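Working through the structure, step by step
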Amino acid sequence: MSPIAGDCDVLVFGSCIVDFISYVPRLPKVGETLHGTCFATGNGGKGANQCVAAARLGSRTAMIGKLGDDPWGTAYRTALAGEGVNVEQVDVVAGESTGIAQINVADNGDNQIVIVTGANKRLAPSDVLARPVLFERARILICQLETPIEGTIAALKAFKGISIVNAAPAETSLPHALLSLATIFCVNETEAALLTDIPTIPDVQRAKSAVLKLRDMGCNTVIITLGEKGAVFAHSDSLAVYHVQPVKVTKVVDTTGAGDAFIGALAHFVAKYPEAELGNCIAAANRVAAWSVQKPGTQSSFPRAGDVELPADLATLQDQWECV
C-alpha cells in the first residue's frame, strides 16, 4: 500500500526512465559493432531508482515525476506502486514519451549510458507549488539533474528539511542556488572532476581537494563517492575531510545504479537515524551499494531490508571512517 500523501520519510523530485540494457564482453569503441550476450529491460532513472532503493530498505517514500502516455509509462507507474512508493504525484503526460536509457554493460561491470528524457523534461516549478503538504512534512528530499534545473531549484527552496542533491548526470557551470540550497551535495569522482576543473580524481587526496573546492564554490556538506576506494566527505561547518573505507566485493557483476543505491540508502539512514554521524550513514550506504553491484540490473539489484548485514546501532561503524 502506498504511503499517505505528505507522510513520508523520503521524498524524491526527479526522473523516471525505462532501461534497455545490452550485456557485452567489453564496451565498444567509437564506430564499432559488437555482439552482445544478453538483452534486458528494466525500470530506471536516477530519481525513481533512489526512491525504490530507500523504499526497499523500509522508508516511507513518495515520488514526484513524469511519465509518457505509452505502455512503458503505465507499466512503470504500476511497478513503482508495487514497491510501496506513493505514486499519487507521478503524472502521465499526454503527448509525451516515457524517458528511456540505452545501457551497455561489460563483463567487468563497467557501463556506458545514453538517456532520452522524454516526459521528464516537463517536471517544473509548478509541480512544487501544487504539492505544499509533501514538501512541508517529508523528512528528506532527494533531487538529481535528469530533470530541468528550474524545477529542482524550486523544490530545494520549498523544502525546509534535509535535502540531498545528486548532481548527476554531470554538468558544468551549475547555478549557485543549486549548490548552496542543498544540505548535502553528492557526486562521484567523474562528476566532481568536471565541476571543479580538476583533470582526474584518482585517489583520496585528490578527492579531498575536490571536496574543499566544492565547498568554496558554495556547497554545504559535500560527499564524493569513489567506487572501490570508498567515499570522502566534509561537513558544512568544518574544514576537516573524512575518508569512509570501501566495502570489499569479490566479483562485480553490474555497476549500473550503484550510485543510486547509495543515495537512496543514505537518505534512508539519515531519516531513520537522525542523531547518527554522517560518516556512519555513509558507511552503511556503502554496504548497500556494494551489495547491488553483485547483482545484474538497476532497481532489480537493490537489496531489501534484511538482505544486507547492518548493525542495529550505526555507531558501531565509527571505525569505518577517519580524518584525512
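Going by the structure above, here's the rest.
In what follows, the accompanying structure is described.

What counts as what
Residues numbered from 1 in each chain as written. Predicted model: local features only at pLDDT ≥ 70, side-chain atom pairs only at ≥ 80, totals over all residues. Heavy atoms only, no water. Pairing = 2+ DSSP bridges. Helix = DSSP H or I, 4+ residues; strand = E, 2+ residues; numbered from the N terminus. Axes fitted to C-alpha atoms, helices over the stretch in contact; angles between N-to-C directions. 1 Å grid on protein atoms, 1.4 Å probe; cavity = no way out; pocket = protein on both sides within 12 Å on 5 of 7 lines; lining within 4 Å. Points joined across faces, edges and corners; volume = space filled by probe spheres on them. Nonpolar A, V, L, I, M, F, W, Y, C, P; charged D, E, K, R; others polar. Core = buried A, V, L, I, M, F, W, Y, C linked by side-chain atoms within 4.5 Å. Buried < 20%, exposed > 50% of the residue type's maximum accessible area, 1.4 Å probe, protein only. Contact = heavy atoms within 4.5 Å. Expected span 1.5 Å × (residues − 1). Arc of directions from axis to C-beta.

Looking at the sheet that holds strand E3 (residues 38-44)
- With mixed pairing, the four strands of this open sheet are ordered in space as E3-E2-E6-E7. The two strands at the open ends of the sheet, each matched to only one other strand, are E3 and strand E7 (111-116). Neighbour to neighbour, the strand axes of the sheet diverge by 20° on average, direction disregarded.
- Of the strand pairs in this sheet, strand E2 (residues 17-24) and strand E6 (residues 99-106) are connected by eight bridges, and their pairing is parallel. Each bridged residue has a counterpart across the sheet, and for Ile21 the counterpart in E6 is Ile103.

Observations regarding the layout of surface pockets
- Estimated volume of the largest pocket: approximately 1400 Å³.
- The wall of the largest pocket is formed by 49 residues, among which Asn111, Asn188, Thr255, Ala258 and Gly259 lie closest to the centre.
- Elements represented by at least two residues in the lining of the largest pocket include exactly E2, helix H1 (46-57), E6, E7, strand E10 (184-188), helix H7 (189-196), helix H9 (258-272) and helix H10 (278-292).
- By residue class, the composition of the lining of the largest pocket is 22 nonpolar, 18 polar and nine charged.

A look at the nonpolar core
- Residues Met63, Leu80, Ile223, Phe262, Leu266 and Ile282 are the most contacted members of the largest nonpolar core, which totals 48 residues.
- When near neighbours in sequence (up to four residues on either side) are disregarded, Leu80 contacts Cys16, Ala48, Val52, Val85 and Val87.
- Counting residues in hydrophobic clusters, the runner-up holds 44 residues, among them Val165, Leu174, Ile201 and Leu226.

Considerations on the side chain of Gln89
- Along the chain, Gln89 falls in the loop between helix H2 (71-82) and strand E5 (90-93).
- For Gln89, a relative accessible area of 14% gives the class buried.
- If we skip the residues at most four places from it in the chain, Gln89 touches Met63, Ile64, Gly65, Arg131 and Leu134.

Concerning H2
- An ideal rise of 1.5 Å per residue puts 16 Å on 12 residues; H2 measures up with 17 Å between its terminal C-alpha atoms.
- All of the buried residues along H2 are Gly73, Tyr76 and Leu80. Each buried residue of H2 lies within a common arc of 60° when the element is viewed along its axis, so the set occupies one face. Residues of H2 that are exposed and angled more than 90 degrees away from the buried face: Pro71, Thr78 and Gly82.
- Residues of H2 that are buried make contact with E2, E3, H1 and strand E4 (61-68).
- In the segment just after H2, Gly84 is the residue with positive phi, at about 90°.

Details of the sheet that holds strand E9 (residues 162-166)
- Within the open sheet, the 10 strands sit side by side as E5-E4-E1-E8-E9-E10-E11-E12-E13-E14. Their pairing is mixed. The strands lining the two open edges of the sheet, one partner per strand, are E5 and strand E14 (321-323). When strand polarity is set aside, the average angle formed by the axes of neighbouring strands in this sheet is 20°.
- Inspection of the sheet shows strand E11 (residues 221-225) paired to strand E12 (residues 231-234) by four bridges, in the antiparallel sense. By the bridge assignment, Ile224 is partnered in E12 with Val232.
- The sheet contacts of H2 involve E4 and E5, and relative to E4 the element is tilted by about 170°.

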